[in-house]
Amino acid sequence: RRPASSATPAQVTALRLRDGGCTFDGCDRPASWCEAHHLRHWLDYGPTDLENLALLCSRHHTIVHQQGYS
């Protein structure tokens, strides 16, 4: 069974506190502009937990998925 694909509101709050904004190298977008990203994709059985999540702004979230960054 695959894990849940979306971070909970509590997880997003924790990510905002932990990461402070987009974690893409050199990006200064604030946490309020970011969304949770699975480091190991949930389709590949990556868990939806804080150890496997990071904040990315929508631009960098798209780039990471399109270009296969990790």
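Model, not experiment: these values are computed from the prediction.

1. Digging into the environment of His41
Note on placement: His41 falls in the loop between β1 (34–38) and β2 (53–57). The class of His41 is partly exposed, set by a relative accessible area of 26%. For His41 and Leu53, which are twelve residues apart along the polypeptide, the C-alpha to C-alpha distance reads 9.6 Å. Excluding residues within four positions of it along the chain, His41 makes contact with Gly46 and His65.

2. Comments concerning the side chain of His60
By the secondary structure assignment, His60 is in helix α2 (residues 58–67). Among the residues examined, His60 registers a relative accessible area of 7% and is labelled buried. Excluding residues that lie within four positions of it along the chain, His60 makes contacts with Cys22, Phe24 and Cys27.

3. A closer look at the pattern of salt bridges
As a working rule, side chains carrying opposite charge can pair if their charged atoms are close by. This model, assessed by the stated rule, comprises two salt bridges. Across the salt bridge formed by Asp19 and Arg18, the nearest N and O atoms sit 2.7 Å from each other. Given a relative accessible area of 23%, Asp19 falls into the partly exposed group. Residue Asp28 is joined to Arg29 by a salt bridge in which the shortest nitrogen-to-oxygen separation is 3.7 Å.

4. Concerning the confidence of the model for the protein
When the pLDDT values of the protein are averaged, the result is 91; 94% of them are 70 or greater. Taken element by element, the predicted model of the protein shows its lowest mean pLDDT in α2 (93) and its highest in helix α1 (residues 9–19) (97).

5. So, the nonpolar core
In this structure, Leu15, Cys22, Cys27, Ala31, Cys34, Leu53, Leu55, Leu56, Cys57 and Val64 together form the largest nonpolar core, which totals ten residues. Here the element with the most residues in this core is β2; it accounts for four residues. In this structure Ala31 touches Arg16, Gly20, Gly21 and Leu55, once residues within four positions along its chain are discounted.

Calculation notes
Residue numbers run consecutively from 1 along every chain, following the written order of its sequence. Local features in a predicted model are, by the rule used here, given only for residues with pLDDT of at least 70; side-chain atom pairs are given and counted only at 80 or more, and totals for whole chains, interfaces and linings are based on all residues. Hydrogen atoms and water are omitted, and side-chain values are computed over all heavy atoms in the structure. Here a helix means four or more residues in a row that DSSP labels H or I, a strand means two or more in a row labelled E, and each is numbered from the N terminus. Burial classes: relative accessible area under 20% of the type maximum marks a residue as buried, over 50% as exposed, and values in between as partly exposed (1.4 Å probe, protein chains only). For this analysis, residues touch if any pair of their heavy atoms sits within 4.5 Å. Any Lys or Arg side-chain nitrogen found within 4 Å of a carboxyl oxygen on Asp or Glu counts as a salt bridge. On a range of 0 to 100, pLDDT expresses the predictor's confidence in each residue. Buried Ala, Val, Leu, Ile, Met, Phe, Trp, Tyr and Cys residues that are joined via side-chain atoms within 4.5 Å together make up what is termed a nonpolar core.

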